Amino acid sequence: MSGSIHHVEPRYSPMLVKITKDRIRKGMFVESVACPSREFARRRFLVKTDEELAAIRATSALDVSINVQLGLDPDGHKPLTGKSRPPADIVRVEAVRSETSQSARALRASLGSLAVGGSLDMADLSQAAEINAGIWSDNTVIALEVTRLKSKDETTYVHSLAVSGMMTLLARSLGMDEETTGILGVAGMLHDIGKLLIPNEILTKPGKLTDQERRLIRNHPEAGYHLLRSYPDLPPVVLDICRLHHEALDGSGYPLGLKNEDLSLPVRLSTVCDVFEALTSVRPYKRPWTSTEALDWMFERPQIFDRKLVIRLGSVLTDAPLR
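Everything numeric in this text was worked out from a predicted model, so none of it was measured.

J.: Sorry if this is basic, but what is going on with the overall build of the chain here?
T.: Tallying secondary structure elements over the chain gives 13 helices and four strands in all. Across the 323 residues in the chain, those meeting the buried criterion constitute 50%. In the chain, of all internal contacts separated by at least 6 residues, the share reaching a separation of at least 24 is 69%. For the chain, the exposed surface amounts to about 14800 Å²; the carbon and sulfur share of it is 53%.

Rendered as structure tokens:
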């Protein structure tokens, strides 16, 4: 490949705060209304009228994300200005770190329950995926940096949030409808659930894996698939992504060794996002690659990855927020 696909540069992002919808008031800047059924599609606006307040409160949403740099904060205070404003990089890093930690804890509880046969709430998963997508849409570069700082005990959960966020952005950039995009966000959150059935000492082992340990890890897509297929509410594409995200276009992947024509666009999309996040993250056995290194490495392997999606992912990571 001649040159780099993209050099990812940081951009400024808002400071988001999640509040219950009954606390919304005029003068607040709404980033998104978390409706599981998506009946309120409007985003990024300053609340000015009683009609707008009523419309938000009439939705099925429980929470609303507001931007406290562009409107009132939850206590009704005006946005910080001038010297009283914290440094922008600190504000957005801490905001994303806090949101990611909260989401990781919630995902840990949800996936942990599923791993032991607990109930699945598709509406809750959809809402969590939508909130996570908002974080990634507005804070892409910072979200990438925050995921690189994850600790060993939250690796699976933050990785899944990152893959979910990138899959959502990539799906939107490809013009997929909101329902499909939302389902892919859920799929990203669930794609590695099979890893919860593997002992942590193997998942985080810094040294060389034994053949038995390697076989156990390579079995996680199949294990996750068999776990999730017991939940009839999950769309088939979620099961496909869980089972097939380690397949390769030339048939060299696992667990089924499928080839290009047998791998759907959502599956190929998930593979690109999953591998990119793995390459750019800190792992016990390697240093994190830069975004450019990861994109270039993937682009140079068209036998494994869909090149068009690799290029599109590079574009997504540098474009303005997809609102």
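From this point, things continue past the structure.
J.: What am I meant to see in the nonpolar core here?
T.: The tendency in soluble globular proteins is for nonpolar side chains to be buried as a group. In terms of nonpolar packing, the biggest core is built from 61 residues, with Met166, Met167, Leu190, Leu234, Phe276, Met298 and Leu313 touching the most fellow members. When residues of this core are assigned to their parent elements, the largest contribution, ten residues, is made by helix α5 (residues 155-173). Non-local contacts of Met167, meaning those with residues more than four positions away in its chain, are made with Leu184, Ala187, Gly188, Ile241, Leu269, Ser270 and Cys273. Counting residues in hydrophobic clusters, the runner-up holds 15 residues, among them Ala61, Val64, Ile66 and Leu72.

J.: Please explain the confidence of the model for the chain as it appears in this structure.
T.: On average, residues of the chain score 83 in pLDDT, and 82% of them are at 70 or above. Taken element by element, the predicted model of the chain shows its lowest mean pLDDT in helix α4 (residues 140-147) (73) and its highest in helix α10 (residues 236-244) (98). In the predicted structure, residues 82-88 sits below a pLDDT of 50 and forms five contacts with residues beyond four places in sequence or in another chain.

J.: Quick question: what am I supposed to make of the pattern of salt bridges here?
T.: Opposite charge on two side chains permits them to pair, given that their charged atoms come into close proximity. According to the stated counting rule, one finds six salt bridges in the structure shown. Arg172 serves as the salt-bridge partner of Glu178, at 3.8 Å between the closest nitrogen and oxygen. Judged by its relative accessible area of 39%, Glu178 is partly exposed.

J.: I tried to follow the layout of surface pockets on my own but got confused; where do I start?
T.: Empty pockets left among the atoms are what a rolling probe the size of a water molecule brings to light. By volume, the second largest pocket is sized at about 430 Å³. Taken together, 21 residues make up the lining of the second largest pocket; nearest its centre are Ala106, Leu107, Asp124, Gln127 and Ala128. Of all elements in the fold, only α2 (88-115) and α3 (122-138) reach the threshold of two or more residues within the lining of the second largest pocket. With seven residues, α2 is the largest single contributor of residues to the lining of the second largest pocket. When its residues are assigned to classes, the lining of the second largest pocket shows ten nonpolar, six polar and five charged.

J.: Can you help me understand helix α1 (residues 50-57) in this one?
T.: For an α-helix the count is 3.6 residues per turn, leaving residues at separations of three or four pointing the same way. Here α1 has its buried residues at Glu52, Leu53 and Ile56. Seen end-on, α1 carries its buried residues on one side only, within an arc spanning 100°. Of the surrounding elements, those touching the buried residues of α1 are β2 (29-33), β3 (45-46) and β4 (63-67).

What counts and how
Residues numbered from 1 in each chain as written. Predicted model: local features only at pLDDT ≥ 70, side-chain atom pairs only at ≥ 80, totals over all residues. Heavy atoms only, no water. Helix = DSSP H or I, 4+ residues; strand = E, 2+ residues; numbered from the N terminus. Buried < 20%, exposed > 50% of the residue type's maximum accessible area, 1.4 Å probe, protein only. Contact = heavy atoms within 4.5 Å. Areas by Shrake-Rupley, 256 points an atom, 1.4 Å probe, with all protein chains shown as cover. Core = buried A, V, L, I, M, F, W, Y, C linked by side-chain atoms within 4.5 Å. pLDDT = per-residue confidence, 0-100. Salt bridge = Lys/Arg side-chain N within 4 Å of Asp/Glu carboxyl O. 1 Å grid on protein atoms, 1.4 Å probe; cavity = no way out; pocket = protein on both sides within 12 Å on 5 of 7 lines; lining within 4 Å. Points joined across faces, edges and corners; volume = space filled by probe spheres on them. Nonpolar A, V, L, I, M, F, W, Y, C, P; charged D, E, K, R; others polar. Arc of directions from axis to C-beta.

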